[in-house]
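These are the residues of each chain, in order.
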Amino acid sequence: MTANLDLDLVRSHFPALALDDWAYLDNAGGSQVLGVVARRVADYMLTTSVQTGASYPASVRASERLAEARRRIATLIGAPRPEEVVLGPSTTVLMRFLATAMASQFSPGDEIVVTDFDHESNIGPWLMLRDQGVVIRTWHANAETGEIDLADLDALLNPKTRLVCVTHASNILGAINPIPAIAEKVHAAGARLCVDAVAYAPHRAVDVAALGADYYVFSFYKVYGPHFAVLWGRHEHLLELDGLYHYFYGKAVVPGKLEPGNTNYELAWGSAGIVDYLEEIGGAPGRAGVVAAFDQIAAHEERLSARVLDWLNSRNDVRIVGPRTADRAVRVPTIAFKVDGRRSDEVVRAVEADHIGIRFGDFHSRRLIERLNLQDDGGVVRVSMVHYNTLEEADRLIAALDKVL
């Protein structure tokens, strides 16, 4: 059985939660930061802030710390080897890097499949390849429900398909997409799969080796860390990519050739602290601790989702955008909705009077919002919870919405 999450212990790890009485329910935009992450960043900058690669002691220690951070991040995502861990400023930047490094692999007439239900970070960079003759095909979500159909992907795949780009979980719908099944179809067609996991990684244990993706990207500032990100790629695929660094960084220099100007050492060291935290929550070292922690996280988040969704489902003036169930296998606790006859921005600003932070808009998934015809009146209201949120905070949100509506 999954152990219950110790919320007092969890919340003690996030110093910002003790600063005021706000309920932070805008976590898909950026989570609160772990104390251990901040301490590691400060410690690196105050004790090891030298360039790596030299022979003097401080540089040797800096090099060891960077290597250890990469190993810890590999543990976090289930990567078979740390050289597959590419670090960078954000998911958006790393996707641009990947598209640039892959560009020479495409010939005129080759096809890339993107979606209209993804964040723009995993769409825009691939559209730029049209300038060299690449054909872009779009996998559409259902215009009424936002649901996806794997049969629609089947219809797009053909011998010219080289790459499919898709999100693991929607930052609007909260829906979890079946990446292993998608990967199987993509690979059967002889193509590769690039997954944006920004909206998934804060909520479930990532296992890149088991998912079947070829590239997998997310940002740590959504996963309790700093403004920093990771791109994982299969080692053999990374070797094939063009380098983005100086000419003397050969193709075999992985991941260095994909981290121009060097990665941010202190943020890498800080991000590794996410694993320290998960190991404590999970009660075991390494992957076992990460997986155990996320089992507890998923169970608690399902309860949070159920509390909010039950109330939303009881209303006849609210349209839930995405799955109406709280089932942890179906969705993450990112919940979007529209209120009949009310602007979304007005609803959000009204609940702020009760010190509740939620958000409105399209959240850089504008193609999906337009596909669902939800762009008017401030887009959608989005409530995005994570495991440090409490049922009491969910009840506060419900009370505030009940008063406003």
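Because the structure is predicted, anything quoted here is derived from the model rather than measured. (Residues numbered from 1 in each chain as written. Predicted model: local features only at pLDDT ≥ 70, side-chain atom pairs only at ≥ 80, totals over all residues. Heavy atoms only, no water.)

(A) Structural context of the overall build of the protein. In terms of regular secondary structure, the protein is built from 15 helices and 13 strands. Relative to a compact globule of 405 residues, whose C-alpha radius of gyration would be 22 Å, the protein shows 21 Å and is just as compact. Projecting the C-alpha coordinates of the protein onto the three principal axes gives extents of approximately 65 × 50 × 40 Å. In the protein, which comprises 405 residues, the share counted as buried stands at 56%. (Helix = DSSP H or I, 4+ residues; strand = E, 2+ residues; numbered from the N terminus. Rg over C-alpha atoms; globule rule 2.2 N^0.38 Å. Buried < 20%, exposed > 50% of the residue type's maximum accessible area, 1.4 Å probe, protein only.)

(B) Just the sheet that holds strand 5 (residues 161–167), in detail. Taken in spatial order, the 7 strands line up as 2-8-7-6-5-3-4 in an open sheet, and their pairing is mixed. With partners counted over all chains shown, the strands left at the sheet margins are strand 2 (85–88) and strand 4 (135–139), one partner each. On average, each strand axis in the sheet is inclined to that of its neighbour by 20 degrees, with strand direction left out of account. Across the sheet, helix 4 (residues 91–102) is in contact with strand 2, strand 5, strand 6 (192–196), strand 7 (215–219) and strand 8 (229–233); its angle to strand 7 comes to roughly 155 degrees. Strand contacts of helix 7 (residues 179–188): strand 4, strand 5 and strand 6, with the helix running at about 155 degrees to strand 6, the strand carrying the most contacts. (Pairing = 2+ DSSP bridges. Axes fitted to C-alpha atoms, helices over the stretch in contact; angles between N-to-C directions. Contact = heavy atoms within 4.5 Å.)

(C) Quick peek at the packing of aromatic side chains. Tallying each qualifying case throughout the model produces 11 aromatic pairs. For the pair Y44 and Y265, a centre-to-centre distance of 6.5 Å together with 50 degrees between the ring planes defines the contact as tilted. One end of the pair, Y44, is in helix 2 (residues 35–47); the other, Y265, is in helix 10 (residues 265–271), and 221 residues separate them in sequence. There is no split in this pair, since Y44 and Y265 are both buried. Seen in terms of ring centroids, F218 and F220 are 5.7 Å apart; in terms of plane orientation they differ by 80 degrees. Their pairing is edge-to-face. When its relative accessible area of 0% is taken as the criterion, F220 is described as buried. Ring pairs connect the aromatic residues F14, Y224, Y277 and Y388, which therefore count as one cluster. Sitting over the face of the ring of W269, R40 holds its NZ or CZ atom 4.0 Å from the ring centroid. (Phe/Tyr/Trp six-rings, centres within 6.5 Å; stacked < 30°, edge-to-face > 60°. Lys NZ or Arg CZ within 6 Å of the ring centre and 35° of its normal.)

(D) Quick look at the pairing of strand 3 (residues 111–115). Within strand 3, 5 of the 5 residues are buried, which leaves it mostly tucked inside the rest of the structure. The alternating pattern of strand 3 places E111, V113 and T115 and I112 and V114 on opposite faces, both of which are buried. Here 5 bridges tie strand 3 to strand 4, and the two strands are oriented parallel to one another. Paired with I112 across the two strands is I136, which belongs to strand 4.

(E) Helix 2, seen in detail. The end-to-end C-alpha distance of helix 2 is 18 Å, a good match for the 18 Å that 13 residues give at a rise of 1.5 Å each. Restricting attention to buried positions, one finds in helix 2 the residues G35, V36, V37, R40, V41 and Y44. Next to the buried residues of helix 2 lie helix 3 (57–77), helix 10 and helix 11 (273–282). (Expected span 1.5 Å × (residues − 1).)

(F) Examining the packing of helix 11 against helix 12 (residues 286–313) more closely. Interhelical geometry of helix 11 versus helix 12 gives an angle of 70 degrees and a closest axis separation of 7 Å. Taken together, the axes of helix 11 and helix 12 are roughly perpendicular relative to one another. Residue-level inspection shows V275, L278, E279, I281 and G282 of helix 11 in contact with helix 12, the latter providing G286, G289, V290, A292, A293, F294, Q296 and I297. Tallied by class, residues from the contact of helix 11 with helix 12 come to 8 nonpolar, 4 polar and 1 charged. (Parallel < 35°, antiparallel > 145°, perpendicular 65-115°, else oblique. Nonpolar A, V, L, I, M, F, W, Y, C, P; charged D, E, K, R; others polar.)

(G) Structural detail: the UniProt feature "domain: Aminotransferase class V" (unreviewed entry) in the protein. UniProt's entry tags residues 24–397 with the feature "domain: Aminotransferase class V" (unreviewed entry), counted in the numbering of this structure. A distance of 10 Å separates the end C-alpha atoms of residues 24–397, which is 38% helix and 15% strand. (UniProt positions renumbered as here; feature names shortened; annotations may be inferred.)

(H) Broad picture of the sheet that holds strand 9 (residues 318–321). The 4 strands lie next to each other as 9-10-13-12, forming an open sheet whose pairing is antiparallel. Only two strands of the sheet have a single neighbouring strand rather than two, namely strand 9 and strand 12 (359–361). Sheet twist, expressed as the mean angle between neighbouring strand axes with direction ignored, is 35 degrees. In this sheet, strand 13 (residues 380–384) lies alongside strand 10 (residues 334–339) in antiparallel orientation, the contact comprising 4 bridges. Following the sheet pairing, I335 is matched in strand 13 by V383. The sheet contacts of helix 13 (residues 344–351) involve strand 10, strand 12 and strand 13, and relative to strand 12 the element is tilted by about 170 degrees.

(I) Layout of the environment of A191. Within the secondary structure, A191 is located in the loop between helix 7 and strand 6. When the C-alpha atoms of A191 and G35 are compared, they prove to be 41 Å apart, with 156 residues separating the residues in sequence. Beyond its immediate stretch of four places on either side in the chain, A191 contacts T161, R162, L163, V186 and D214.

(J) Up close: the pattern of salt bridges. Per the stated rule, a full pass over the model turns up 28 salt bridges. Between D242 and K251 there is a salt bridge, with the nearest N and O atoms lying 3.3 Å from each other. Residue class for D242 comes out partly exposed when judged on its relative accessible area of 23%. By relative accessible area, K251 is classed as partly exposed at 42%. Salt-bridge contacts for D345 lead to R343; the nearest nitrogen and oxygen are separated by 3.0 Å. Note on R343: relative accessible area 33%, which makes it partly exposed. Bridged by salt links that share partners, the residues R40, R72, D276 and E279 form one connected network. (Salt bridge = Lys/Arg side-chain N within 4 Å of Asp/Glu carboxyl O.)

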